[in-house]
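Chain by chain, the residues run as shown.
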Number of protein chains: 2
Amino acid sequence: MAPVHPLLWSSLRVFQVYGANTDVGKTIIATLLCRAANNIWKKEQTSYLKPVSTGPEDEADDRCTHIERYAPGVLRKTLLQYDLAMSPHAAAKGKLVPSDKELLSKIYQFASRSAAQQPGWLFIETAGGVHSPGPTGTTQADLYAAVRCPVVLIADSKLGGISLTISAFESLKLRGYDVESILIFQDSEYDNEKYLRNYFTASHGIPVASLPKPPPRAQDKDADARAMLQYYKNESQSSGIRNILEYLNQRHQARIERLESMPKDAYKRIWYPFTQHTSLSPEKIVAIDSARGDFFQTVVPKAERTVNQHIPVLQPSFDGSASWWTQGLGHGNPSLTMAAAYAGGRYGHVMFAGAVHEPALALADTLLCGMKNPRLTRVFYSDNGSTGVEVAVKMSLRASRLRYGWDANTDIGIIGLKGGYHGDTMGAMDCAEPSTYNENIEWYNGRGIWFDYPSVKCSRGQWIVETPDDLKADLGGNKTFTSLSDVFDIDSRESNDEQKAYEQYIERRLSHYVSKGRKFGALLIEPVVIGAGGMALVDPLYQRALVSVVRRSAKLFGSCPEPDTSDPTSWTGLPIIFDEVFTGLYRLGRFTASSFLKTEADISVHAKLLTGGFVPLSTTLASESIFHVFESEDKADALLHGHSYTAHPIGCQVAVESLRQMQAMEKKGEWDWAKSSDWSGRLVGQPDAMKPEVWSIWPWDLLYWISNQTDLIAGAWALGSVLAIHMNAADGLGYKSNAALKLQGSLLEGDRTTVWNIHSRVLGNVLYLMGGQKTSKDDITEIASMVKHALTAH
Amino acid sequence: MAPVHPLLWSSLRVFQVYGANTDVGKTIIATLLCRAANNIWKKEQTSYLKPVSTGPEDEADDRCTHIERYAPGVLRKTLLQYDLAMSPHAAAKGKLVPSDKELLSKIYQFASRSAAQQPGWLFIETAGGVHSPGPTGTTQADLYAAVRCPVVLIADSKLGGISLTISAFESLKLRGYDVESILIFQDSEYDNEKYLRNYFTASHGIPVASLPKPPPRAQDKDADARAMLQYYKNESQSSGIRNILEYLNQRHQARIERLESMPKDAYKRIWYPFTQHTSLSPEKIVAIDSARGDFFQTVVPKAERTVNQHIPVLQPSFDGSASWWTQGLGHGNPSLTMAAAYAGGRYGHVMFAGAVHEPALALADTLLCGMKNPRLTRVFYSDNGSTGVEVAVKMSLRASRLRYGWDANTDIGIIGLKGGYHGDTMGAMDCAEPSTYNENIEWYNGRGIWFDYPSVKCSRGQWIVETPDDLKADLGGNKTFTSLSDVFDIDSRESNDEQKAYEQYIERRLSHYVSKGRKFGALLIEPVVIGAGGMALVDPLYQRALVSVVRRSAKLFGSCPEPDTSDPTSWTGLPIIFDEVFTGLYRLGRFTASSFLKTEADISVHAKLLTGGFVPLSTTLASESIFHVFESEDKADALLHGHSYTAHPIGCQVAVESLRQMQAMEKKGEWDWAKSSDWSGRLVGQPDAMKPEVWSIWPWDLLYWISNQTDLIAGAWALGSVLAIHMNAADGLGYKSNAALKLQGSLLEGDRTTVWNIHSRVLGNVLYLMGGQKTSKDDITEIASMVKHALTAH
């Protein structure tokens, strides 16, 4: 089943009619809008849709009859009909109920057919108030948010109606709806109109228009009908309703024009990150109207729409990079929005030096507790992964320098892995080996040494731990495993002495560098996966060997007092920094990537998924033994780092909510489908309670298939929400390769029949796809088939 | 008049009763709560407050009579009584209406008296729905947000009530309210209770409790009263209401315990920015419950409360550092909250490389347009001032290197000012001269030269442009001006040739460094004010001279092609970077600080006030001639910088709203009070249309007075929202000085009678205070008198 489609066509003006309450006149005003539209745009087709109707059939049907009688010529339809006059979720009780996605699909089909036929209008009337539950129990404001119709909100003209109207507006707004017009019945007693006009026009620029009340209900049915007909006749020709429709028409056109012109404007004014602008053109810039769940709603190129009128302006695009690896709980997630809004309302931002607020403390607790790492006791806040790494480096350099007694001018480097990348600020860049990313940066100065490493790939259905050719003499040749669980079963592998060669090699290399006078201040690695450096899965046993060797080699790095062995959480050798910015917090399926290595960092950096894809925030967790290094009588000895928005409450509150949700999902087993053997196959190995649980939302079937396309594919792997496809590259592997661009293009081309596509990012010859933590099995199945299709047609 | 006080005492459990709609039973449930509390806590005093009551006097009074009759022994009061049965703002029409602040003050007085007498409960009943307007027209949810009472929300049990209850809840939540309990009348027909219980318990952890409906209204008045009495008698003794009260009691205690324990917990788990932890103790950590407008609500030290029972747990603290210079439109500003929530609901975060979304484009337009700098055409987004500066430096180094034909390994420095500071990431740190901030940072490597400068201070009521002693031979001695306008009248000063000496000196120094082989890539300055480096006002004429000399000295910096004079927006000499992170966007009263210098940057960095004190966001604006430097056929030549949350929609949307509001305020003349001559006195000079408009929210009277305390004060200045007090220092000027700590302590001590204080930050011997863009004249007047008091007692 295709993803949810937004409802936007050039030719069809779709508006959703929401009410501030039940019984505010939604049906009457919708009828009036329909009748007037039908009169004014005579050559077009006006339609009316009631997705869910409740009440006894004759009464509910009355609504369609009402339209038929009072707005003849208007195409009308009810999708679901429930007999009881109550909220749809209650009325639907015990009945077969379509899922939210199915209901949205039916609405899309209706609108799509209307759009295909001729230009026109479509008014979709909701049931009850904005948060009245739909058939499945999801409230309508949430249910319909993904289709993002512009809203006509019917205000409440009765006593208390000001409050209800503003609150209804806010509930819509915080789900990303655009309320285009507020309509209200005239009422001289309460005159809510006046207050609301002032309120909405002044602070939101939204026009409030009023309409005369319908005639009071007459006892005599015929008289009632006559009076209503007269009302509709008069009002549908009034300048008031005409102005409203003209305004809505204009807003519809303006929305489309803006969406179409945005790429051109952006091309002129925006300086894009990591982008060579000579290879950019307005056509290549994706205009994003909005996003929901795992999908962007993006503008379909105009050329395609000109050919085929029924093609909508917007299409769902799977956000295959999880928005640069940040997205977790779905775009526009209402709980995260509420968390952000609550903290915004409670604090805005409050300065953090020497102060404390609830979200910062709660987040510190959640992280320290969730890491299950007895070393980590302290949380330092900053703004993004790059600043978080700079903080970590400042911490560890000071610790090492003081322990080994080096003076302040000593040239101290870090130990890292080839291809490791830790961010774009200068200090973080200096932690990466010279590469395309940084070789042209004037102040770049790679400070350290970077080890090559054995990497893990699936090829021809087998798991290979692949040693780079020039290290084979040292590390031994490639090794083959039948499951990824076996690769990650590092305890068993250690008991087979597999790590011995690794450790000997690492020790030898370190001794070599130290003998040349090099000094080191930290081991800094991305545990399990090298991200920006090429989406490489590193042999976890090798990373653990690195940590072990560094920890036990204090004597090698310099002369220092005998380590205090009484405290097992004290750092030894060098501080171990894990950059979990990408790999942590459930990206790979677990709270912490360090658990895959069964070892614990002294300093751990987190960002990206920390706020579930909402706002920038980073934490650098540290051990008490690192913290104490900065204590002295001199304020200049403190860790002098801190951004203005350090520990901003909005970010912290969103992070608390995000982690709470992901931890609850883990506890409830919400990823069990992905762990089941029919889905994961040998990816996690045959069920074996003794083996480590490694799993992925990407099906083994897909991975197996990909790994057998050996003409195209060098290998692939999947873990947690990540799928990485390493393409063969004639132009050399790495960032400069263009080998993955064709596949990226095919996925972006997508399925032109059902009009949706996959937006992905490449890293040289690697194309990766990433789901969120709530991505559904259904969606993954669809995406998997599109990937196969694209590779088959390659 | 003292600032708004939150309502929190250990001994008094204050709850605010809000209704999801009118007519949901607020009064009945409040009466029940009062009666039950009074029964259960017999030795305590239960009170009931109706701040605003509407309806004919007898009917409205009925509410108090109702309490009197059915909850005897409960202390009851109505503060404002309006006869008409409509929304308070309408009922109050034509009457003398207290300001919001006055009404809150009356509520505080009532609660305070209750708290002083004996332990107890206070239930405050609101009128109508959550957004029903109060007497001045402010909706109640906004009006009462600052006092942040925990809320008992009365749900609506009728048809449509689910929607109204959820929306009401959301309106409260996004103003930072904690809804502690949701109460609803039992109703078997609609059973909203069931849905709401599931909804609120599952996703918000808020208990939903139900109460039997009161008896239907009987015709006979006496019978009605008897039935009601029976109802209250029964229900007030039910386990249901007892459980509710026990829960509320427990939440009250838990809130206070948490507020009291937060500093201790933070002391153990948080690693604070820019903080020497040995000089920290839990007692020194300020626990911030919330913040509103310019005030934090902070915990009063327990020792003070133990001495005097009537002292509340929370007190307002003026946020004197504007939360590290970020705050502008008031903490918890509801428009900014709505902007954040809207973008959260519409997008969450969406990745930005090769994509565009509305808020990012709108913000780019707003900034480029607002700067009125024809050079600036491009916007690059990043996360904070420090990253924004790194981006600026990367831009300018590349531009200079390519123009002057230096190879990639050339050691290129920047030209800056002594004490200039641009952020804490390594690249930004390297732009600052060696100092306390960075001398201990292992990788710090100051790259550039830093000019000393003449600074501006008010001393003994006169404005002095003070030349550092060792530059006097070059720059001439101090100069004296009668007004700050005269100092900023740089055109007149240029026509007096005042800048000549500056330019000659600058040229000579530059030649000296170049002759020693130094190469430079940018002029990087904070226009007008050096912020973190000591809150120094720099002679604007000197900064303009720097820019002029650098721009015309291409030949000096290296050999380069003749500059293209056809495009006046092209950079010449070196790219000029203005770091307006602190000084821009109305902090000094104008959209851009560059307007004070009457010169235009090639690259301009903005952050802090950009989002009005909400979330981190930064923009680096650049000229087209800088942008073109990065264009080539090679993707490695691109500006390879970009954080995951680049141009995050929430930040951009908040920034658009924040700038829109500040620009509107400027246009409407909302700072005219601060510009008036009775307020600003000679600060802006005698009214003279020919002189530049410089103004401050700090009154001239205060500045004059301070500047005459020559025993204590070396000088002071005020501009825009900033007041800087430079104390004399026996321990040497600068960051390590402790000279301002005593004044800071006195301000934090504050006014113990009215229980509020001033939270400020010091930079060595400088104490500064900063308002927001909405700070009121009244508040400034109060603060000014507290500052005088503190200095007098010094």
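It should be emphasised that the depicted structure is a prediction, and the values quoted were computed from it without experimental measurement.

Quick notes on the rules
- The residue numbers shown here count from 1 along each chain, following its written sequence.
- Chains and ligands are labelled by the order in which they are written, letters from A for the one and numbers from 1 for the other.
- Confidence filtering applies because this is a predicted model: local features only for residues at pLDDT of at least 70, side-chain atom pairs given and counted only at 80 or more, and all residues used for totals across whole chains, interfaces and linings.
- Per the convention used, a helix needs a DSSP run of H or I reaching at least four residues, while a strand needs a run of E reaching at least two, with both numbered from the N terminus.
- The exposure label follows from counting other C-beta atoms within 10 Å of a residue's C-beta, where the C-beta atoms are placed from the backbone and the thresholds are 20 or more for buried and 12 or fewer for exposed, leaving partly exposed in between.
- Working definition of a contact: two residues with C-beta atoms, positioned from the backbone, lying within 7 Å.
- Here the copies are matched by least squares. The fit uses the C-alpha atoms of residues with pLDDT of at least 70 in both.
- Strand pairing is assigned whenever DSSP detects at least two bridges linking the two strands.
- Axis angles are defined between N-to-C directions and span 0 to 180 degrees, where every axis is a line fitted to C-alpha atoms and, for a helix, only to the segment in contact.
- Each residue gets one label: Ala, Val, Leu, Ile, Met, Phe, Trp, Tyr, Cys and Pro are nonpolar, Asp, Glu, Lys and Arg are charged, and the others, such as Gly, are polar.
- What fixes the domain bounds is an automatic or database domain assignment.
- Working definition: roughly parallel below 35 degrees, roughly antiparallel above 145 degrees, roughly perpendicular at 65 to 115 degrees, and oblique for all remaining angles.
- The nonpolar core is taken to be a set of buried Ala, Val, Leu, Ile, Met, Phe, Trp, Tyr and Cys residues joined by way of C-beta atoms within 7 Å.
- The pLDDT value expresses, per residue, how confident the predictor is, ranging between 0 and 100.
- Should the near helix be turned anticlockwise from the far one by less than a right angle, the crossing is left-handed, and should it be turned clockwise, the crossing is right-handed.

Some words on the overall build of chain A
Logical step 1: When you go through chain A residue by residue, the secondary structure sums to 29 helices and 28 strands.
Logical step 2: Taken over 794 residues, chain A has a buried fraction of 60%.
Logical step 3: Within chain A, counting contacts between residues at least 6 apart in sequence, those at least 24 apart form 72% of the total.

What to know about the relation of the copies chain A and chain B
Logical step 1: Expressed as a screw transformation, the operator carrying chain A onto chain B has a rotation angle of 180° and an axial translation of 0.0 Å, and the superposed copies differ by an RMSD of 0.0 Å. A rotation of that kind, with that shift, is consistent with a two-fold axis.

Looking at the sheet that holds strand 4 (residues 120-129) of chain A
Residue and element names in this part refer to chain A.
Logical step 1: Pairing in this open sheet of 7 strands is parallel, and the strands run 3-2-4-1-5-6-7 from one edge to the other. Strands at the two margins of the open sheet, each flanked by one partner only, are strand 3 (75-82) and strand 7 (208-211). Taking the axes of each pair of neighbouring strands and ignoring which way they run, one obtains an average angle of 20° across the sheet.
Logical step 2: As defined by bridge partners, strand 5 (residues 151-154) adjoins strand 6 (residues 179-185) across 4 bridges and the pair is classed as parallel. Bridge pairing in strand 6 links L153 to I182.

Considering the interface of chain A and chain B
Logical step 1: Every contact between the two is made by 142 residues of chain A and, on the other side, 144 residues of chain B.
Logical step 2: Of the residues forming the side of chain A that touches chain B, the biggest block, 11 residues, is contributed by helix 12 (residues 334-346) of chain A.
Logical step 3: Class assignment for the residues of the side of chain A that touches chain B results in 64 nonpolar, 54 polar and 24 charged.
Logical step 4: Bridge count between strand 8 (residues 286-292) of chain A and strand 11 (residues 355-357) of chain B: 3 bridges; the pairing is parallel. When the bridges of strand 11 of chain B are listed, V286 of chain A appears paired with A355 of chain B.

Notes on the environment of L75 of chain B
Residue and element names in this part refer to chain B.
Logical step 1: Positionally, L75 belongs in strand 3 (residues 75-82).
Logical step 2: Sequence separation between L75 and P282 is 207 residues; the distance between their C-alpha atoms is 39 Å.
Logical step 3: In this structure, L75 is in contact with Q45 and S47, ignoring residues within four places of it in sequence.

Let's talk about the domain arrangement of chain A
Logical step 1: By the assigned domains, chain A splits into domain 1 (12-257) and domain 2 (334-456 + 483-560 + 569-667).
Logical step 2: The gap between the C-alpha centroids of domain 1 of chain A and domain 2 of chain A is 53 Å.

Observations concerning the pairing of strand 25 (residues 722-727) of chain A
Residues and elements named next belong to chain A.
Logical step 1: Among the 6 residues in strand 25, 6 count as buried, and that is most of the element.
Logical step 2: Of the two faces of strand 25, the one holding V722, A724 and H726 and the one holding L723, I725 and M727 are both buried throughout.
Logical step 3: Bridge count for strand 24 (residues 713-719) against strand 25 is 6 bridges, and the pairing is antiparallel. Paired with W717 across the two strands is A724, which belongs to strand 25.
Logical step 4: Hairpin connection between strand 24 and strand 25: a loop of 2 residues separates the two successive antiparallel strands, and G720 in this loop has a positive phi of roughly 60°.
Logical step 5: Relative to strand 28 (residues 766-770), strand 25 is paired through 5 bridges, and the arrangement is antiparallel. Residue pairing across strands places L723 opposite L769, the latter belonging to strand 28.

Let's talk about the pairing of strand 10 (residues 314-319) of chain B
All names here are of chain B.
Logical step 1: With 6 of 6 residues buried, strand 10 lies mostly within the body of the structure.
Logical step 2: Residues of strand 10 alternate between two faces, with L314, P316 and F318 on one and Q315, S317 and D319 on the opposite face, all of them buried.
Logical step 3: With 5 bridges connecting them, strand 9 (residues 295-299) and strand 10 associate as antiparallel partners. Among the inter-strand pairings, F295 is bridged to a residue of strand 10, identified as F318.
Logical step 4: Across 3 bridges, the pairing between strand 10 and strand 26 (residues 757-759) is parallel.

A word on the packing of helix 27 (residues 700-707) of chain B against helix 29 (residues 777-792) of chain B
Residue and element names in this part refer to chain B.
Logical step 1: Running from amino to carboxyl end, helix 27 crosses helix 29 at an angle of 10°, the nearest separation of the two axes being 10 Å. Comparing their axes, helix 29 and helix 27 come out roughly parallel. Counting all contacts with helix 27, which are made through L702, W705 and I706, the residues of helix 29 involved are A784, V787, K788 and L791.
Logical step 2: Taken together, the residues of the contact of helix 27 with helix 29 sort by class into 6 nonpolar, no polar and 1 charged.

Concerning the nonpolar core
Logical step 1: Among the nonpolar cores identified, the biggest contains 509 residues, and A340 and L523 of chain A together with A340 and L523 of chain B are the most heavily contacted of them.
Logical step 2: Setting aside residues up to four positions removed in sequence, L523 of chain A forms contacts with I415, L546, V547, V550, L574, I576 and I577 of chain A.

A short note on unusual backbone geometry
Excluding glycine, most residues fall at negative phi; most peptide bonds, likewise, are trans.
Logical step 1: In this model, K372 of chain A sits at a positive phi of 50°, which is unusual for a non-glycine residue.
Logical step 2: Along the chain, K372 of chain A turns up in the loop between helix 13 (358-371) and strand 12 (376-382).
Logical step 3: Of note in the backbone geometry, W324 of chain B takes a positive phi value of approximately 50° without being a glycine.
Logical step 4: Here W324 of chain B lies in helix 11 (residues 322-325).

A short note on the confidence of the model for chain A
Logical step 1: Averaged over every residue, the pLDDT of chain A is 93; residues scoring 70 or more account for 97%.
Logical step 2: If you check the scores for this complex, the pTM reads 0.97 and the ipTM reads 0.97.

Focus on the sheet that holds strand 11 (residues 355-357) of chain A
Logical step 1: One open sheet accounts for 5 strands, arranged 11(A)-8(B)-9(B)-10(B)-26(B); its pairing is mixed. At either end of the open sheet lies a strand with only one pairing partner, and these are strand 11 of chain A together with strand 26 of chain B. Across this sheet, the average inter-strand angle for adjacent strands is 45°, counted without regard to direction.
Logical step 2: Relative to strand 8 (residues 286-292) of chain B, helix 9 (residues 239-269) of chain B is tilted by about 125°, and along the sheet it contacts strand 11 of chain A together with strand 8 and strand 9 of chain B.

Observations concerning the packing of helix 28 (residues 741-749) of chain B against helix 29 of chain B
Residue and element names in this part refer to chain B.
Logical step 1: Put simply, helix 28 and helix 29 touch, their axes get as near as 9 Å, and they point 130° apart. By the criterion of interaxial angle, the relationship of helix 28 to helix 29 is oblique. For the pair helix 28 and helix 29, the sense of crossing is right-handed. Packed against helix 28, whose contacting residues are L743, S746 and L747, the element helix 29 presents M786, A790 and L791 at the interface.

Quick look at the environment of K736 of chain B
Logical step 1: Relative to the elements of secondary structure, K736 of chain B occurs in the loop between strand 25 (722-727) and helix 28.
Logical step 2: With 735 residues separating them in the primary sequence, K736 of chain B and M1 of chain B have C-alpha atoms 37 Å apart.
Logical step 3: In contact with K736 of chain B, not counting residues within four places along its chain, are K635 of chain A together with T436 and G764 of chain B.

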